[in-house]
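Structural description and commentary
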Protein chains: 2
Amino acid sequence: MSENTSLNLNELFYPKSLAVVGASPKRGYLNRWGGNTFIEGAINLNFPGNIYPVNPKAETILGIKTYKSVRDIPGEIDLVIFSIPFSAVLPVMEDCVTKKVKFVHLFTAGFSETGRPELAEIERKLIDLAKKGGIRIVGPNCMGLYCPEGGLAWTSEFPRTPGTIGFVSQSGQLAGHFVQEGGDQRLRFSKVVSFGNAADLKAHDFLEYLADDDKTDIIGAYIEGLKDGRAFFEVARKITQKKPMVVWKGGQTEGGARATQSHTGSLAGSLDIWQALCKQVGLISVNSMEDLIATIGGLQRLPLPTGLNVAILGGAGGGSVTMTDLAEKEGLKVPHLTEKTIRALEEFVPVQGNSAKNPLDIMGALFGGGPKIFGRLIELLRDDPNIDALIFSQNIDMFFRRLDRSFLDDFIKMTVKSMHQLGKPLYLVLGKARSLEGEALRQDVETRYHHYNMATFSSFTMAARVYYNMKIYRDFLSSHNIPIPVFHQSP
Amino acid sequence: MSENTSLNLNELFYPKSLAVVGASPKRGYLNRWGGNTFIEGAINLNFPGNIYPVNPKAETILGIKTYKSVRDIPGEIDLVIFSIPFSAVLPVMEDCVTKKVKFVHLFTAGFSETGRPELAEIERKLIDLAKKGGIRIVGPNCMGLYCPEGGLAWTSEFPRTPGTIGFVSQSGQLAGHFVQEGGDQRLRFSKVVSFGNAADLKAHDFLEYLADDDKTDIIGAYIEGLKDGRAFFEVARKITQKKPMVVWKGGQTEGGARATQSHTGSLAGSLDIWQALCKQVGLISVNSMEDLIATIGGLQRLPLPTGLNVAILGGAGGGSVTMTDLAEKEGLKVPHLTEKTIRALEEFVPVQGNSAKNPLDIMGALFGGGPKIFGRLIELLRDDPNIDALIFSQNIDMFFRRLDRSFLDDFIKMTVKSMHQLGKPLYLVLGKARSLEGEALRQDVETRYHHYNMATFSSFTMAARVYYNMKIYRDFLSSHNIPIPVFHQSP
């Protein structure tokens, strides 16, 4: 670890100059995923330093003066991105050593991940050469870096605004999904790293940096296999003392583990040991992209829950039963309300077609009674000691059929107001709509809630799962006498 | 059972005359969910007999001559729907007895499901009165019947075309979701029953009818608690000898079971016993609406799989790892291809950025090579004894970005052709798109695949889960020496 703590990745995430070897003067789909995509990504983020495309046969690329080789570039180069065939990498790395380049990102694939010894050997040679020259390597076989503040991205499709979420990923494809699908949920990022084969810089090196990075409040990771598991859990232990960290492990099954070997050439560990270690160091372990994004969204927007007892609102009949089953299967409790609450509810909830119990099957009464009745319900839940939080499912198709837009506006305001009144976490479920028109409305409503920095979840299961994940992290902090940090942007 | 086997529900599903008590001359949202919705549903389906609205204060409703009471209606009445307050039901039931009505559907709620003894007592009186008069009751507290062929529906939003899927549900809300969300997947229905409190006719009565119904090939059910569990499993045992039956049990958790008590006044059973009994009689047990619809869609469109070994196509890198994990977590195996297949694949799959293993990470080569290369792949999978089926994930966002529409048309045709070439089940995953435009395209593509009667699944997990469910049913049939029935519409 001593080597790593002294490792400074500032010039990797905020390079003053960037060279891209393998940029092309030709347009078209294939070139977008050649070197040009990195140049376009940097331009889109107003990269603050010099960009040097490198191509022996071009004068300019994307309007930028182009150099025949890395050696021909004037001045210092902090970061070079390789987007060339694997057969051509060694001489270019020699040029980088000559130029005293600080970091190289190898987008190039075709090395140890193929499982072929002769190609793994080229990778070893490449890393040896770089190390001797003092160059640190990201990759190979990866998308590299997205740091909106530093002006780096592997596509111009990523959000331009920086945020406080850091992410490290063995898979470039999943890192891209994370940024784009998280971005759709208005999540924003400080640093995202796709590190691929991790032939030199490893997951724990990037995490070490994010642990101390003031710009990063919440950390996520997608890991398939670890080349240094001990270092990973050591840095995780350090992180979870001050920031939450959510980890998704790929290759959890026999077949999945075999698939990771072909993918990044590292062995997948045993799932049971993994889960035990995660628990020990306070990592939140998740099992899908959806879980990962939703949990990070929850951490960003909601306080950590104090208990597992939730009230459920928004269903009717079989829908209420379903939501209760889903909540309890995720580890939550849907307890009785106090007698006091039930008696108070029965004053304004008619018996026919409603149920003044938990789950609350009283949407009919709420639609009939309007904001005043709703405010009364929220007060009752606030004062009920049996209840730690509210999960409120808002069915877009139902709204769509029932309400005119002005009613919907009022309903959203009422919900936002209730979040403040409640004084307990409010988990809002906005399930997918059936029709395209409904889906357009849902996205509009979701954006408005996010504008108020309210968390929304695309399914009831997801809300319940995130709730449980956040409670687990709070329990970890409490059991280690760590004060609950305020990493979420309280609304 | 002797009482039930002689019970004929033909005149319930195909009544020659229908009276609706509590229809209203006023328009508006609330009346749509009063009696008028049943009249509109019947009109929409060209109900073949007489419709009699009943309201003491109206001359006509929805343009149909209206009667002051059931007694005033001329001629015989097969089915009367009650949409009146619970306080008004007894005298109307007396009228029905006088008129020798055959069936009554009690949409009216507010009886035993409230948990109040005095209201449960009214329910008992009502059923006693009906029984003495020879009337059989659906409900109370339910949506009743949807039988497109018989001209019955509780809303005019349901599909008009009949199909071969039967469904019985304790919850009217979930029965409605089933018809509408299943309908979006182009599933069509023979008979759907929401039976609510089941004070007289019970789940097993309706299932007994569907067991022998030539119009019903596949049966689904949503059950919370059973008033006669033995009769239910007896009829299920009879059904699964000739048709598949998929059951979703609500109230699986402590809180969920409590919620069912408040909902339909019946006790939920133990989940473990439930699962064991389902397995014993060959029921496919599922845990959500999504599972239920996807499994029934699979049964309708795909043959039962012979083994658990699947090839996976359509992912790259981390995405392939993820899909493999999901498949194996659902009980499938993602085995090695034979050496012969791998060698043949390597002839046309370049090593860089592809992986000629299972999961197949070769979309780059397929996009480059076109239909001929794809056809070759399908042949190899057809001939590979290690592989029982193919799960092919088609990412709409990727298509959307990469391909023009004519390419997409060709791609769909190529996929349809490959289904015939493969000679093994092809499970097609069409995941949700990120953007609205992407989602519109996805729905278009899905409709086109359904036109070819191909099954599509909205997530990889769902495809894998349905595959496993169908394999379980095949194993049940085999172990009981029952010939595999052809209940699916083979494409």
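Remember, predicted model here, so these are calculated numbers, not experimental data.

Another point: the relation of the copies chain B and chain A. Note on the identical chains: chain B maps onto chain A by a rotation of 180 degrees and an axial translation of 0.0 Å, with an RMSD of 0.0 Å. Here the copies are linked by what is in effect a two-fold axis. Minimal C-alpha separation from the rotation axis in chain B is found for Leu436 of chain B, amounting to 3.5 Å. A shared binding surface is used by both copies, with 100% of the interface residues of chain B retained as interface residues in chain A.

Okay, the interface of chain B and chain A next. Reports often express the size of an interface as the amount of accessible area lost when the parts come together. In this complex, chain B contributes 51 residues to the contact, which on the side of chain A involves 51 residues. Looking at the side of chain B that touches chain A, the elements with two or more residues in it are α7 (172-184), α10 (254-264), α13 (318-329) and α18 (436-451) of chain B. The leading source of residues in the side of chain B that touches chain A is α13 of chain B, at 10 residues.

Below, the discussion takes up the domain arrangement of chain A. Residues and elements named next belong to chain A. Looking at chain A, the domain boundaries give domain 1 (2-138), domain 2 (144-301) and domain 3 (310-479). Between the C-alpha centres of domain 1 and domain 2 the distance comes to 23 Å. Taken together, the contact pairs 30 residues of domain 1 with 27 residues of domain 2. Contributions of two or more residues to the side of domain 1 that touches domain 2 are made by α1 (2-5), α2 (10-13), α4 (36-44), α6 (117-132) and β7 (136-138). The dominant element in the side of domain 1 that touches domain 2, judged by the number of residues it contributes, is α4, at 6 residues. Class assignment of the residues belonging to the side of domain 1 that touches domain 2 gives a composition of 17 nonpolar, 9 polar and 4 charged.

Residue and element names in this part refer to chain A. The end-to-end C-alpha distance of α6 is 23 Å, a good match for the 22 Å that 16 residues give at a rise of 1.5 Å each. Those residues of α6 that fall on the buried side of the exposure criterion are Glu123, Leu126, Ile127 and Ala130. Taken down its axis, α6 places every buried residue within 95 degrees of arc, on the same side. Opposite the buried face of α6, by more than 90 degrees, sit the exposed residues Pro117, Glu118, Glu121, Arg124, Asp128 and Lys132. Looking at the buried side of α6, the elements it contacts are α5 (89-98), β6 (103-106) and β7.

For the rest of this paragraph, the subject is helix α12 (residues 289-301) of chain A. It helps to recall that an α-helix has 3.6 residues per turn; residues three or four apart then point in one direction. End to end, α12 of chain A covers 18 Å across 13 residues, agreeing with the expected 18 Å (1.5 Å per residue, within 8%). The element α12 of chain A is extensively covered by neighbouring structure, given that 10 of its 13 residues are classed as buried.

This paragraph deals with the sheet that holds strand β13 (residues 284-286) of chain B. The pairing of strands in a sheet comes from backbone hydrogen bonds and takes either a parallel or an antiparallel form. Residue and element names in this part refer to chain B. The strand order β8-β10-β9-β11-β12-β13 describes an open sheet built from 6 strands, whose pairing is mixed. Two strands in the sheet have a free side with no partner beyond their single neighbour: β8 (144-146) and β13. Between one strand axis and the next, the sheet turns through 20 degrees on average, direction left out of account. With 3 bridges connecting them, β8 and strand β10 (residues 189-194) associate as antiparallel partners. In the sheet register, Gly144 faces β10, and the bridge partner there is Ser194.

Take the pairing of strand β5 (residues 79-82) of chain B next. Residues and elements named next belong to chain B. Burial along β5 is two-sided: the face carrying Leu79 and Ile81 and the face carrying Val80 and Phe82 are both buried. Note: strand β1 (residues 17-21) against β5, 4 bridges, orientation parallel. Bridging across to β5, Leu18 finds its partner in Leu79. Across 4 bridges, the pairing between β5 and strand β6 (residues 103-106) is parallel. Looking at β6, one finds that Ile81 is bridged to His105. After leaving β5, the chain enters helix α5 (residues 89-98) and then returns to the sheet as β6, a path that is right-handed.

All names here are of chain A. It is the contact of helix α8 (residues 203-212) with helix α9 (residues 229-239), at a shortest axis distance of 9 Å, that shows an interaxial angle of 15 degrees. In this view, α8 runs roughly parallel relative to α9, as classed from their interaxial angle. The crossing of α8 and α9 is left-handed. Of the residues in α9, those in contact with Ala203, His204, Leu207, Glu208 and Ala211 of α8 are Ala231, Phe232, Val235, Lys238 and Ile239.

This paragraph deals with the environment of Asn469 of chain A. Residues and elements named next belong to chain A. Locating Asn469 in the fold gives a position in helix α19 (residues 460-479). Its 24 C-beta neighbours within 10 Å are what place Asn469 among the buried residues. Considering only alpha carbons, one finds Asn469 and Lys57, 412 residues apart in sequence, at a separation of 54 Å. Contact partners of Asn469, with chain neighbours within four places excluded, come to Ile284, Val286 and Thr295.

Thresholds applied
Residues numbered from 1 in each chain as written. Chains lettered and ligands numbered in written order. Predicted model: local features only at pLDDT ≥ 70, side-chain atom pairs only at ≥ 80, totals over all residues. Least-squares fit on C-alpha atoms with pLDDT ≥ 70 in both. Contact = placed C-beta atoms within 7 Å. Helix = DSSP H or I, 4+ residues; strand = E, 2+ residues; numbered from the N terminus. Domains from an automatic or database assignment. Nonpolar A, V, L, I, M, F, W, Y, C, P; charged D, E, K, R; others polar. Expected span 1.5 Å × (residues − 1). Buried ≥ 20, exposed ≤ 12 C-beta atoms within 10 Å, placed from the backbone. Arc of directions from axis to C-beta. Pairing = 2+ DSSP bridges. Axes fitted to C-alpha atoms, helices over the stretch in contact; angles between N-to-C directions. Right-handed = clockwise from strand over helix to strand, strands pointing away. Parallel < 35°, antiparallel > 145°, perpendicular 65-115°, else oblique. Left-handed = near helix turned anticlockwise from the far one by under 90°.

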